[in-house]
Amino acid sequence: QVQLVVPMAVVFGPGSVPGDLPRPLPFRDVQEMEISVNLRTSVTSRYEMLHRSTTGQEEAALAAATAREADAALHPLQDATLGSLTMYVVPETSSLLPQGINVYVGKHRSALVRAGGSLAALQARLREVAQVMSFTASSIAAALSDRVPDGQLSPDARRYLKSSLGYEITFSLLNPDPKSHTVDWDIEGAVNRYVKPVLDKLSLVANFSVDSQILYYAVLGVTPRYDKESSSFLLSAHSLPHVINPVEARLGSSAASLYPVLNFLLYVPERSHSPLYIQDKDGAPVSTNAFHSPRWGGIMVYNVEAPASPQASLPLHVDVDMARVMEVFLAQLRLLFGLSREEVPAEFLLESPGNEGLADWELDHLLWAHTVENIATVSTTLTSLAQLLDKIGNIVIKDDVASEVYRAVASVQSAVTELSLGHLHAAFQASKEAVTSSERAFFDPSLLHLLYFPDDQKFAIYIPLFLPMAVPILLSLAKIVRETRQPKKEPTKMD
């Protein structure tokens, strides 16, 4: 049983303390909620809240003109531990929060919450904020998607990437018509400027490697439909799944990869199919002219402006606007990691993470989900290994395999303990070590060859060798037995 403990500080600003507090500040309170995964598995979430008043420095920070300025000023005063949250309760009449907004979630691990009058209303609001900033029942269900019955899983749950020790990101420029277009893209500069800050933040979650390639004469494999009204070519939503397979055959990036590969493709349509637009299910054009495939990556169509005069010399030189392209690719990257912000209530205002690509609490959101998923993965791997060893009676377990199993069990127990203490970072590191050890044990070469050499195969190999030798031996034994059973004849005397 896994218990997820979130340390929370509820800080009341001047004039925001509810009148029906059960006892004077400061005091501690605990709220628990059970997240049911299946009939046998459930996860307990436990919010350990410390209610207190603001300090002098925090009061000064809350006197800022805007919520963004207050968030920046409060950041150095907060608990920066991974997985911890700080909620600053401001009066209902506070001008810090815009009209109609009751919650402002900052870039770090804090939020400004408008007091809701009674303590019950405030607690309901705080619980909602805490779930957005840490984990929800749906995010835990997505992390444990292999154990959740299909009917109970949301459609988005299988969209997210599975937890891994590393990911490989490949940016590909597809130029199917190099005779018409010479395309230049500053991918190195764009990666350093837009992608690197995001991956630096995500480096705590996994290792990342980035590469890029340009593929010539690589077509989408689906013929777009010409639309007379708009004088353009259209790709409908139902034809998009057929686009990926022909393109993937040309990419060649996942063949020798140890880790999941994320493919981000920039497609410059050939001149005979320009301009090319993507339609959604309702037939409306997609504003980004891009689409993404769950656990695979995304494709963006980049249309080239037609030359001013028909006599323009070919090939046309095209400089790609990398800011526009990377904005789309980073949004798709967030979707693949399950960092979508679509489920947030209307009264919530979420601060943009800026150049870093994701806020501190979003990083925690990932760590919570990946830690739970890692624990489940280790449990499944070790159970499978135990069942395998039970089936093969003559298998030999080397000491190094046994030590990896012991290490995996110790690490996963440590991860569960650290989660119950509210130490997210230590729990995540322990869960990663547990995954590494369990995978090493399961895929150890000394075990693998026995998987493909069962007892019936031994008989199939050795019987043709021993049968020809056994026939004369058995006949000789039969003859000896026959002779021993025959009564001995007394020797006859001969004169």
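Residues numbered from 1 in each chain as written. Predicted model: local features only at pLDDT ≥ 70, side-chain atom pairs only at ≥ 80, totals over all residues. Heavy atoms only, no water.

- The name given to the chain in an unreviewed UniProt entry is PIGS transamidase, with the source organism recorded as Eulacestoma nigropectus.
- One UniProt comment on the chain, placed under Subcellular location (unreviewed entry), says "Endoplasmic reticulum membrane".
- Taken verbatim from the UniProt record of the chain, the Sequence similarities (unreviewed entry) comment is "Belongs to the PIGS family." (UniProt positions renumbered as here; feature names shortened; annotations may be inferred.)

1. Structural notes on the overall build of the chain
Then, in step 1: Looking only at helices and strands, the chain has twelve helices and 17 strands in total.
Then, in step 2: What you see for the chain is a C-alpha radius of gyration of 33 Å, clearly larger than the 23 Å of a compact globule of 495 residues, by over 25%.
Then, in step 3: Counting only C-alpha atoms and orienting by the principal axes, one finds that the chain spans roughly 140 × 80 × 35 Å.
Then, in step 4: The buried share of the chain, reckoned over its 495 residues, is 46%.
Then, in step 5: Across the chain, every contact between residues at least 6 apart in sequence was considered, and the portion connecting residues at least 24 apart equals 75%.
Then, in step 6: Accessible surface for the chain amounts to roughly 26,000 Å². Of this, 55% is attributable to carbon and sulfur atoms.
Then, in step 7: Of the charged side chains in the chain, 40 are positive and 54 negative, and the gap between their average positions amounts to 9 Å. (Helix = DSSP H or I, 4+ residues; strand = E, 2+ residues; numbered from the N terminus. Rg over C-alpha atoms; globule rule 2.2 N^0.38 Å. Buried < 20%, exposed > 50% of the residue type's maximum accessible area, 1.4 Å probe, protein only. Contact = heavy atoms within 4.5 Å. Areas by Shrake-Rupley, 256 points an atom, 1.4 Å probe, with all protein chains shown as cover. Lys, Arg positive; Asp, Glu negative; His and termini not counted. Charge placed at Lys NZ, Arg CZ, Asp CG, Glu CD.)

2. Remarks on the side chain of Ser180
Then, in step 1: By the secondary structure assignment, Ser180 is in the loop between strand E7 (166-175) and strand E8 (181-184).
Then, in step 2: Non-local contacts of Ser180, meaning those with residues more than four positions away in its chain, are made with Arg271, Leu314, Pro315 and Leu316.

3. Structural notes on the UniProt feature "transmembrane region" (unreviewed entry) in the chain
Then, in step 1: The residues that UniProt annotates with the feature "transmembrane region" (unreviewed entry) are residues 459-481.
Then, in step 2: Between the C-alpha atoms that bound residues 459-481 the distance is 28 Å, and the span itself is 100% helix and 0% strand.

4. So, helix H6 (residues 241-251)
Then, in step 1: Three or more residues of H6 are buried, namely Val243, Ile244, Val247 and Leu251. For H6, the angular spread of the buried residues around the axis is 90°, confining them to a single face. Across from the buried face of H6, at angles greater than 90 degrees, the exposed residues are His242, Asn245 and Ala249.
Then, in step 2: Summarising the contacts, the buried residues of H6 are in contact with E7, strand E9 (207-216), strand E12 (261-267), strand E14 (290-293) and strand E15 (297-301).
Then, in step 3: In the segment just after H6, Gly252 is the residue with positive phi, at about 65°. (Arc of directions from axis to C-beta.)

5. Considering the sheet that holds strand E4 (residues 85-90)
In any sheet, the strands associate via hydrogen bonds between backbone groups, in a parallel or an antiparallel arrangement.
Then, in step 1: Spatially, E2-E3-E1-E4-E6-E5-E17 is the arrangement adopted by the seven strands of the open sheet, whose pairing is mixed. Edge positions in the sheet fall to strand E2 (27-36) and strand E17 (348-350), since each of these pairs with one other strand and no more. For this sheet, the mean angle separating the axes of adjacent strands, direction not counted, is 20°.
Then, in step 2: Relative to E4, strand E1 (residues 2-12) runs parallel, the two sharing five bridges. Looking at E4, one finds that Val10 is bridged to Met87. (Pairing = 2+ DSSP bridges. Axes fitted to C-alpha atoms, helices over the stretch in contact; angles between N-to-C directions.)

6. A look at the sheet that holds strand E11 (residues 232-235)
Then, in step 1: What the three strands build is an open sheet, ordered E10-E11-E13; its pairing is mixed. Each edge of the open sheet carries a strand with a single partner, namely strand E10 (225-227) and strand E13 (276-278). Averaged over all neighbouring strand pairs, the angle between strand axes comes to 40°, with direction disregarded.
Then, in step 2: Bridging between E11 and E13 involves three bridges; their strand directions are parallel. Bridge pairing links Leu235 to Ile278 in E13.

7. Observations concerning the pairing of strand E3 (residues 42-53)
Then, in step 1: Across eleven bridges, the pairing between E1 and E3 is parallel. Bridge pairing in E3 links Val5 to Arg46.
Then, in step 2: As defined by bridge partners, E2 adjoins E3 across ten bridges and the pair is classed as antiparallel. Each bridged residue has a counterpart across the sheet, and for Ser36 the counterpart in E3 is Ser42.

8. Digging into the pattern of salt bridges
If the charged atoms of two oppositely charged side chains come close together, the side chains can form a pair.
Then, in step 1: Per the stated rule, a full pass over the model turns up twelve salt bridges.
Then, in step 2: The shortest N-O distance in the salt bridge between Asp364 and Arg109 comes to 2.6 Å. Linking Asp364 in helix H8 (residues 360-391) with Arg109 in the loop between strand E5 (103-105) and strand E6 (110-114), this pair joins segments that are 255 residues apart in sequence. Residue Asp364 shares its accessibility class with Arg109, and that shared class is buried.
Then, in step 3: A salt bridge links Asp200 to Lys196; the shortest N-O distance between them is 3.3 Å. On the criterion of helical spacing, the pair formed by Asp200 and Lys196 is a turn pair, its members being four residues apart in helix H5 (residues 187-202).
Then, in step 4: Shared partners join several salt bridges into a network, and the residues in it are Arg109, Lys201, Asp360 and Asp364. (Salt bridge = Lys/Arg side-chain N within 4 Å of Asp/Glu carboxyl O.)

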